[in-house]
Amino acid sequence: FPVTIIYQQLNQFCQDYFAEPITVLELGCGDASQSIQLLAGLPILHYTGYDMSPVALSEAEPHLQHSGMSFSLVCDDMLAAVADPQRQVDLIFSSYALHHLPLARKRQLLNLARQRLKHNGLLILVDIVKDPQQSLSDFHDQYLAYADLHWTTLDHNELATVHHHVRNNDVPEDLAQYQQLAQDAGFTALQAVSRFTWHSTLLFHTHPIHPTASPS
């Protein structure tokens, strides 16, 4: 799936959306390589990235230093990132992290994320989203069948690792569930702006939106 295109579109959307310098919070930042694609050229006051992996954060630091933006990195979980009542940011971003959380923790995280966003703030989620009413076992079977067929650069052992990870860690929701979670958390609108197989981009808005306000 075209990861680069996704982040190019989101970058252009953010440049149009945010007229003033912004503060950014990323949940599960990894090595920050995707963050840099999203934030390139944006006026960033400060970026804060949270991740549970010290190794990933050590890889993120030189990437962010090279970008020139002001940043801080914290080794902690996503809920800790949004739990601080004093934190207010313009943009919260998460990529391929929420689908590891059970539904109750997704709900808790989205509720807290809404409270951390300033007026006109935005939550961007790039993640795996199930088909409508698709069972978890069917999702696992179909997703892994697709991986076996199309992820041709992986050898047998690497695919076996993917299978183990997906069946033991991935608990994605469908779009209807995310719409309900967004409404319950107090977001005014949820836009699904791209989808490649099960890989989707969701925008959680804090104010009413114009119908044409989406990445393209």
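Shown above is the structure to which this text applies.
Note that the structure is predicted; figures quoted are calculated from it, not measured.

1. Side note on the environment of S67
Thinking step 1. Tracing the backbone through its elements, the reader meets S67 in helix α3 (residues 54–67).
Thinking step 2. Taking the C-alpha atoms as reference, S67 lies 7.3 Å from I36; in sequence the two are 31 residues apart.
Thinking step 3. Within polar-contact distance, the side chain of S67 engages the backbone oxygen of L64 at 2.6 Å.

2. Here's the deal with the pattern of salt bridges
Thinking step 1. This structure, assessed with the given rule, holds five salt bridges.
Thinking step 2. The residue R105 makes a salt bridge to D77 at a minimum N-O spacing of 4.0 Å. Taken together, the residues span a long stretch of sequence, with R105 in helix α5 (residues 103–116) and D77 in the loop between β3 (71–75) and α4 (78–83) at a distance of 28 residues.
Thinking step 3. Two residues, D141 and R167, come together in a salt bridge whose shortest N-O distance is 3.0 Å. Of the two residues, D141 is situated in helix α6 (residues 136–150) and R167 in helix α7 (residues 156–169); the sequence distance between them amounts to 26 residues.

3. Structural notes on the nonpolar core
Thinking step 1. Within the largest apolar cluster, 28 residues are counted, with the highest numbers of intra-cluster contacts made by I92, Y178 and F204.
Thinking step 2. The contacts of F204, once residues within four sequence positions are left out, are L110, G121, L122, L123, L125, Y178, A182, F187, A189 and L190.

4. Section: the packing of aromatic side chains
Thinking step 1. This structure, assessed with the given rule, holds ten aromatic pairs.
Thinking step 2. With a centroid separation of 5.3 Å and an interplanar angle of 40°, the aromatic rings of F139 and Y143 are classed as tilted. Separated by four residues within a single helix, F139 and Y143 lie in helix α6, roughly one turn from each other. Assigned by exposure class, F139 and Y143 land together as buried.

5. Looking at helix α8 (residues 175–185)
Thinking step 1. Those residues of α8 that fall on the buried side of the exposure criterion are Y178, L181, A182 and A185. Projected down its long axis, α8 carries its buried residues within an arc of 100°, all on one side. Residues A176 and Q183 are exposed on α8 and point more than 90 degrees away from its buried face.
Thinking step 2. Buried residues belonging to α8 abut α5, β5 (117–128), β6 (189–196) and β7 (199–205).
Thinking step 3. Backbone geometry just downstream of α8 places G186 in the positive-phi region, at approximately 100°.

6. Quick word on the pairing of strand β1 (residues 22–27)
Thinking step 1. Buried residues dominate β1, accounting for six of its six residues.
Thinking step 2. Neither face of β1 is open: one carries I22, V24 and E26, the other T23, L25 and L27, and all of them are buried.
Thinking step 3. Relative to strand β2 (residues 44–51), β1 is paired through six bridges, and the arrangement is parallel. For E26, the partnering residue across the bridge sits in β2 and is G49.
Thinking step 4. Running through helix α2 (residues 33–39), the crossover from β1 to the neighbouring parallel element β2 is right-handed.
Thinking step 5. By the bridge criterion, four bridges tie β1 to strand β4 (residues 89–95) in an arrangement that is parallel. Bridge pairing links L27 to S94 in β4.

7. Focus on the sheet that holds β2
Thinking step 1. The strand order across the open sheet formed by seven strands is β3-β2-β1-β4-β5-β7-β6, and the pairing between neighbours is mixed. Two strands lie at the open edges of the sheet, namely β3 and β6, each paired on one side alone. Recorded for the sheet is a direction-independent mean angle of 15° between the axes of neighbouring strands.
Thinking step 2. Pairing geometry for β4 and β5, over six bridges, is parallel. Residue pairing for β5: S95 is matched across the bridge by V126.
Thinking step 3. Of the strands in this sheet, β1, β4, β5 and β7 are in contact with α5, which crosses β5 at around 145°.
Thinking step 4. Most of the contacts of α8 go to β6, to which it runs at about 155°, and overall it touches β5, β6 and β7.

Criteria and cut-off values
- Residues numbered from 1 in each chain as written.
- Predicted model: local features only at pLDDT ≥ 70, side-chain atom pairs only at ≥ 80, totals over all residues.
- Heavy atoms only, no water.
- Helix = DSSP H or I, 4+ residues; strand = E, 2+ residues; numbered from the N terminus.
- Polar contact = N/O pair within 3.5 Å; in protein donor to acceptor, adjacent residues only side chain to side chain.
- Salt bridge = Lys/Arg side-chain N within 4 Å of Asp/Glu carboxyl O.
- Core = buried A, V, L, I, M, F, W, Y, C linked by side-chain atoms within 4.5 Å.
- Buried < 20%, exposed > 50% of the residue type's maximum accessible area, 1.4 Å probe, protein only.
- Contact = heavy atoms within 4.5 Å.
- Phe/Tyr/Trp six-rings, centres within 6.5 Å; stacked < 30°, edge-to-face > 60°.
- Arc of directions from axis to C-beta.
- Pairing = 2+ DSSP bridges.
- Right-handed = clockwise from strand over helix to strand, strands pointing away.
- Axes fitted to C-alpha atoms, helices over the stretch in contact; angles between N-to-C directions.

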